[in-house]
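# Fold and contact review
Residue-level listing of the chains:
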Amino acid sequence: MDKEIINKIAKSGIINLDLEDYAPKDTITEIDVKEFLFEGLVLKEKNFRESLKDHNWCQYKNSVIALFCSANSIIPMWAYMLVTSYLEKNNLINFYGNKEQVFTLLFLEIIEKIDIQEFKDKRVIVKGCGNLKIHEKIYVAITKKMQPTVKSLMFGEACSSVPIHKK
């Protein structure tokens, strides 16, 4: 008496949304403004400009740049603008923040571009576990994106999901 195993989850029409599938694939490289400061602490305009001019910007090709300063120094706004100017001249995509902050920013941009019509009036579970550390901002963004469109939104796994929203 062989009974066929039926996948009730697959038949339920629930869509499992794994945020890792939407994660940025870009290589993110940090540029620490501290490296251009005199003794890593003080911004001397002439030295700063020379070190930027002499820097090998080509090494960052095919990377997204995370621009920040780890030194406990006062950095004028124009310094970040000047570094950005060099990055732009070299066609390098760049954002202010460390690697994690820029990753989250790129992730939010991807979430914003999701075509939610495929989720219209569907039951969606946002996967809660994975190999990638996903910032809370991403979960907030996907909730805001999905809620107006989906029939129901849940968090977790199909076997133990937490209801978030129901039309």
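One can find the structure itself at the top, above this paragraph.
Read on for an overview of the structure. Computed from a predicted model, the values in this text were never measured in an experiment.

Before going further, it helps to examine the environment of I93. Counting through the fold element by element, I93 comes out in the loop between helix 3 (77-89) and strand 4 (94-96). In sequence terms I93 and G40 are 53 residues apart; their C-alpha atoms lie 25 Å from each other.

Counting 24 residues, the largest nonpolar core has L17, L19, F107, I111, I142 and M146 as the members making the most contacts within it. Only strand 3 (64-68), helix 4 (99-113), strand 5 (123-126) and helix 5 (136-146) provide two or more residues apiece to this core. Per-element tally for this core: the top contributor is helix 4, with 5 residues. Residues in contact with L19, not counting those within four places in the same chain, are F107, I111, V126, I134, I138, Y139 and I142.

A separate point is unusual backbone geometry. The phi torsion at N62 lies on the positive side, around 70 degrees, for a residue other than glycine. Judged by its relative accessible area of 70%, N62 falls in the exposed class. Residues other than glycine seldom take positive phi values, yet D121 does so here, at roughly 55 degrees. Structurally, D121 is set in the loop between helix 4 and strand 5.

This part covers the sheet that holds strand 3. The sheet built from 3 strands is open, its strands ordered 2-3-4 with parallel pairing. Edge positions in the open sheet fall to strand 2 (28-32) and strand 4, since each of these has one partner strand only. The average undirected angle you get between the axes of adjacent strands in this sheet is 30 degrees. Where strand 3 and strand 4 come together, 3 bridges link them in parallel fashion. Bridge pairing in strand 4 links I65 to N94. The strands touched by helix 3 within the sheet are strand 2, strand 3 and strand 4, with strand 3 carrying the most contacts at an inclination of about 165 degrees.

So, about the sheet that holds strand 1 (residues 14-17). Within the open sheet, the 4 strands sit side by side as 1-5-6-7. Their pairing is mixed. Sheet topology places strand 1 and strand 7 (160-166) at the edges, where each strand pairs with a single neighbour. When strand polarity is set aside, the average angle formed by the axes of neighbouring strands in this sheet is 25 degrees. As paired elements, strand 6 (residues 152-157) and strand 7 share 6 bridges and run antiparallel to each other. Within strand 7, the position partnered with S152 by the bridge is K166. Along the sheet, helix 5 contacts strand 1, strand 5, strand 6 and strand 7; its crossing angle with strand 6, the most-contacted strand, is approximately 150 degrees.

This next bit is on the pattern of salt bridges. Two side chains carrying opposite charge are able to pair once their charged atoms lie near each other. Scanning the model with the defined rule gives 4 salt bridges in all. Between E45 and R49 there is a salt bridge; the shortest N-O distance is 3.0 Å. Of this pair, E45 and R49 both sit in helix 2 (residues 45-54), 4 residues apart, roughly one helical turn. Judged by its relative accessible area of 41%, E45 is partly exposed. A relative accessible area of 39% means that R49 is categorised as partly exposed.

Rules of the game
Residues numbered from 1 in each chain as written. Predicted model: local features only at pLDDT ≥ 70, side-chain atom pairs only at ≥ 80, totals over all residues. Heavy atoms only, no water. Helix = DSSP H or I, 4+ residues; strand = E, 2+ residues; numbered from the N terminus. Core = buried A, V, L, I, M, F, W, Y, C linked by side-chain atoms within 4.5 Å. Buried < 20%, exposed > 50% of the residue type's maximum accessible area, 1.4 Å probe, protein only. Contact = heavy atoms within 4.5 Å. Pairing = 2+ DSSP bridges. Axes fitted to C-alpha atoms, helices over the stretch in contact; angles between N-to-C directions. Salt bridge = Lys/Arg side-chain N within 4 Å of Asp/Glu carboxyl O.

These figures come from the coordinates and say nothing about function on their own.
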